[in-house]
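Residue-level structure breakdown
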Amino acid sequence: MNHILASLPDEALVAEYAAGNNSAFDTLLKRHQTRVFSYIYSLVRDNDAANDIFQETFIKAITVIKQGRYNESGRFGGWLSRISHNLIIDYFRQNKVDATVSADNNDGIILNRKELSEGTVEDELVADQISADVRRLVDALPQAQKEVLEMRYYRDMSFKEIADATGVSINTALGRMRYAILNMRRMADSYGIALSV
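In this report, we go over the structure that sits alongside the text. (Residues numbered from 1 in each chain as written. Predicted model: local features only at pLDDT ≥ 70, side-chain atom pairs only at ≥ 80, totals over all residues. Heavy atoms only, no water.)

Our next topic: the packing of helix α2 (residues 10-18) against helix α3 (residues 22-44). The interhelical angle for the contact between α2 and α3, taken along N-to-C directions, is 145°, at an axis separation of 7 Å. Crossing of α2 over α3 shows left-handed handedness. Residues Asp 10, Leu 13, Val 14, Glu 16 and Tyr 17 of α2 pack against Asn 22, Ala 24, Phe 25, Thr 27, Leu 28, Arg 31 and His 32 of α3. Of the residues in the contact of α2 with α3, the class split is six nonpolar, three polar and three charged. (Axes fitted to C-alpha atoms, helices over the stretch in contact; angles between N-to-C directions. Helix = DSSP H or I, 4+ residues; strand = E, 2+ residues; numbered from the N terminus. Left-handed = near helix turned anticlockwise from the far one by under 90°. Contact = heavy atoms within 4.5 Å. Nonpolar A, V, L, I, M, F, W, Y, C, P; charged D, E, K, R; others polar.)

Next comes the structure, spelled out in structure tokens:
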């Protein structure tokens with residue numbers, strides 16, 4: 001039976017689960033868990049928080065399906081992404097005070113490349129400072145713009161993938177990226193930050 005379930009499209013599995021077949025939801029979970037967890041973790045960068053949000057995403061999905069309120073025909077993956085997206089926003093709202101990033105935190109920094117470490121010690125220090133400045137500018141962006149920028153540059157996602165993951169149109173994703181870059185330039189200018197060596 002599990003072999004048959006694995007070949008069914010998402011919508012058929014949702015219908016099976018709604019009708020009482022719990023194995024159908026197990027199949028949906030296996031199918032989407034890696035993508036959903038990766039998306040959550042890429043934004044919160046905390047394993048415990050990512051696990052909590054991941055579990056809450058699927059609990060919400062189960063609740064909606066069991067209550068007969070699921071109506072996202074043909075878009076189960078996008079629907080899951082929207083649930084996790086909203087939970088991530090809630091997480092950041094609740095943890096806004098604690099969401100400061102240290103200049104010593106090198107996770108996912110845009111300029112953290114091998115070629116930057118092949119110059120002098122002074123070059124390395126300058127590059128490290130630029131990296132820290134870029135990270136601070138990214139963290140100061142509005143959440144929607146920060147999210148698109150991180151997905152594009154840190155996860156190398158296409159704008160179509162970003163649009164699907166965040167539940168918006170490609171034009172909206174492009175617009176958010178444009179505003180993110182404009183805002184970073186404006187903040188860099190106002191703080192006198194140089195973004196190149």
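Structurally, Ile 83 can be placed in helix α5 (residues 76-94). Relative accessible area serves as the criterion here: at 11%, Ile 83 is assigned to the buried category. When neighbours within four sequence positions are excluded, Ile 83 is seen to be in contact with Thr 57, Lys 60 and Ala 61. (Buried < 20%, exposed > 50% of the residue type's maximum accessible area, 1.4 Å probe, protein only.)

Moving on: the packing of aromatic side chains. Throughout the structure, instances matching the rule amount to nine aromatic pairs. Between Phe 37 and Tyr 41, the aromatic rings sit 6.2 Å apart at their centres with planes inclined by 15°, giving stacked as the arrangement. Of this pair, Phe 37 and Tyr 41 both sit in helix α3, four residues apart, which is roughly one turn of the helix. Assessed through its relative accessible area of 22%, Phe 37 is described here as partly exposed. Three or more aromatic residues link up through ring pairs in this structure, and these residues are Tyr 17, Phe 25, Phe 37, Tyr 41, Phe 54 and Phe 58. (Phe/Tyr/Trp six-rings, centres within 6.5 Å; stacked < 30°, edge-to-face > 60°.)

Honestly, it's all geometry; don't read function into it.
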